[in-house]
Structure formats: C-alpha cells, structure tokens
Amino acid sequence: MSTKLFQLDDQIAKETKLILDFPLSTLLLRDDKRFPWLILVPKLADCHCLLDLKQDQFFQFQSEIRSTMLALEKKYGNDTKFNTACIGNKVSQLHYHIIIRSKDDIAWPETVWGFGSILKYESKILQKLLTELRNIIIDSH
C-alpha cells in the first residue's frame, strides 16, 4: 500500500515564501509587495476542496484561518479590510487566500487577481516581514 505525501503545488511554491506551519496547514506569504497576501494550504495529499477535509480537519483549518486574520488585525489595525477566497480555478490544490486591502492600494476597489504585474519584495524587507508575521502569529496563540 502506497501512501501519497503532501506536496505543495508548484505554482503556489513559486509565488510564495514560508511563514510557518500550523498543525494542519502551512502559512505562506505571496511574494508581491503590492498587497499583504497570505495563503494557507492544508498539508494533505489530494486535497482539492473544503469537502475533502474531515470534519475535525475542517474545524482546524477554520481555526488556523481565524488565528491568521486576528494576528493580521493586530499588525494592520482594527479597521483592516480582508479579502478572502478559496477559488481553485488555476491551482486545484486546496488553498485559502487572505489579502489585506486598503483604499490606498493600487487596485482599490477592484480585485487583486490579474491586476498589474507582481512586484517582489526586496530580500531584506521580505525577511523582516516574514519574521514579523511569524512572531505576531506565534504570540497570538
């Protein structure tokens, strides 16, 4: 009997950097400085939609999403506007987007998908942000 192991989709891996691992999912930062954009991916093989999660996994995933949003609210303020989505049109692996939006961002009020070109973080800024997000999320638990 062969057991398939979790592997992060190549497209997600190419566009993100690891923040930390929760018990069920991995939390990633999309490498695009235009928008604070996090992605959670359950560390389960062949998981394509929320219905693929067992009930306890579903509740754990929702808890990890909420923990992430609460930590982001601490960083970005109580009036933080979240855009969240679980789409899967281009990447079939279950993944959940949490994007911080503001009236000052360049895409407002339109959606961020397909808007302009990705602007990657500078290395030092990226490392500082990853550390800051990791610490805020860990401290929130």
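Scroll up a little and you will see the structure.
What you see is a predicted model; the values in this text were computed from it and never measured.

Calculation criteria
Residues numbered from 1 in each chain as written. Predicted model: local features only at pLDDT ≥ 70, side-chain atom pairs only at ≥ 80, totals over all residues. Heavy atoms only, no water. Helix = DSSP H or I, 4+ residues; strand = E, 2+ residues; numbered from the N terminus. Areas by Shrake-Rupley, 256 points an atom, 1.4 Å probe, with all protein chains shown as cover. Lys, Arg positive; Asp, Glu negative; His and termini not counted. Charge placed at Lys NZ, Arg CZ, Asp CG, Glu CD. Pairing = 2+ DSSP bridges. Axes fitted to C-alpha atoms, helices over the stretch in contact; angles between N-to-C directions. Contact = heavy atoms within 4.5 Å. Buried < 20%, exposed > 50% of the residue type's maximum accessible area, 1.4 Å probe, protein only. Salt bridge = Lys/Arg side-chain N within 4 Å of Asp/Glu carboxyl O. Polar contact = N/O pair within 3.5 Å; in protein donor to acceptor, adjacent residues only side chain to side chain. Core = buried A, V, L, I, M, F, W, Y, C linked by side-chain atoms within 4.5 Å. Expected span 1.5 Å × (residues − 1). Arc of directions from axis to C-beta.

Enquirer: Explain the overall build of the protein to me, using residue names and the numbers behind them.
Expert: If you tally the helices and strands in the protein, you get three helices and five strands. Along the protein, from the amino end to the carboxyl end, the secondary structure elements read α-β-β-β-α-β-β-α. Considering only C-alpha atoms, the protein reaches an extent of 50 × 35 × 30 Å along its principal axes. Summing over all exposed atoms, the protein offers an accessible surface of approximately 8,600 Å²; the carbon and sulfur share of this is 52%. Between the mean site of the 19 positive side-chain charges and the mean site of the 18 negative ones, the protein shows a separation of 3 Å.

Enquirer: Tell me about the sheet that holds strand β5 (residues 96-101), and please be specific about residues and values.
Expert: Here we have five strands laid out as an open sheet, ordered β1-β2-β3-β5-β4, and antiparallel in their pairing. Of all strands in the sheet, those bounded by a partner on one side alone are β1 (16-21) and β4 (81-85). Going from strand to strand, the sheet's axes swing by 25 degrees on average, the running direction of each strand aside. The pairing of β4 with β5 spans five bridges and is classified as antiparallel. Counterpart to Asn83 in the pairing with β5 is Ile99. Across the face of the sheet, helix α3 (residues 123-140) comes into contact with β1, β2 (25-30) and β3 (37-42) while running at roughly 25 degrees to β1.

Enquirer: Account for the environment of Lys124, naming residues and giving values.
Expert: Position of Lys124 among the secondary structure elements: in helix α3. Lys124 gets classed as exposed once you look at its relative accessible area, which sits at 75%. Each C-alpha atom, one on Lys124 and one on Gln7, is 28 Å from the other, the two residues being 117 residues apart in sequence.

Enquirer: Quick rundown of the side chain of Glu64? Include the residues and the values.
Expert: Residue placement: Glu64 occurs in helix α2 (residues 55-76). No salt bridge is formed by the buried Glu64, whose closest oppositely charged neighbour, Lys43, lies at an N-O distance of 7.0 Å. A distance of 2.7 Å separates the side chain of Glu64 from the side chain of Gln60, its partner in a polar contact. Once residues lying within four places of it in the same chain are set aside, the contact partners of Glu64 are Phe22, Pro23, Leu24, Ser25 and Leu40.

Enquirer: So what's going on with the pattern of salt bridges? Residues and values would help.
Expert: Counted according to the given criterion, the structure contains eight salt bridges. Overlapping salt bridges bring together Glu15, Arg30, Asp32 and Arg34 as one network.

Enquirer: Tell me about the nonpolar core, and name the residues and values.
Expert: Ile19, Leu27, Leu29 and Phe61 are the most contacted members of the largest nonpolar core, which totals 26 residues. Elements with a minimum of two residues in this core: β1, β2, β3, α2, β5 and α3. Element by element, the count of residues in this core is highest for α3, at six residues. Leaving out residues up to four positions away in the same chain, Leu29 has contacts with Glu15, Thr16, Lys17, Ile19, Trp37, Leu38, Tyr121, Leu126, Leu129, Leu130 and Leu133. Grouped together as the second largest cluster of nonpolar side chains are ten residues, Phe35, Val91, Ile99 and Val112 included.

Enquirer: Break down α3 for me, citing the residues and quoting the values.
Expert: Compared with an ideal rise of 1.5 Å per residue, which puts 18 residues at 26 Å, α3 spans 26 Å between its outermost C-alpha atoms and is within 8% of the ideal. Residues of α3 that are buried: Leu126, Leu129, Leu130, Leu133, Ile136 and Ile137. Looking down the long axis of α3, one finds its buried residues gathered within 135 degrees of arc, a one-sided arrangement. Turned more than 90 degrees away from the buried face of α3, the exposed residues are Lys124, Lys128 and Asp139. Those residues of α3 hidden inside the fold are in contact with β1, β2, β3 and α2.

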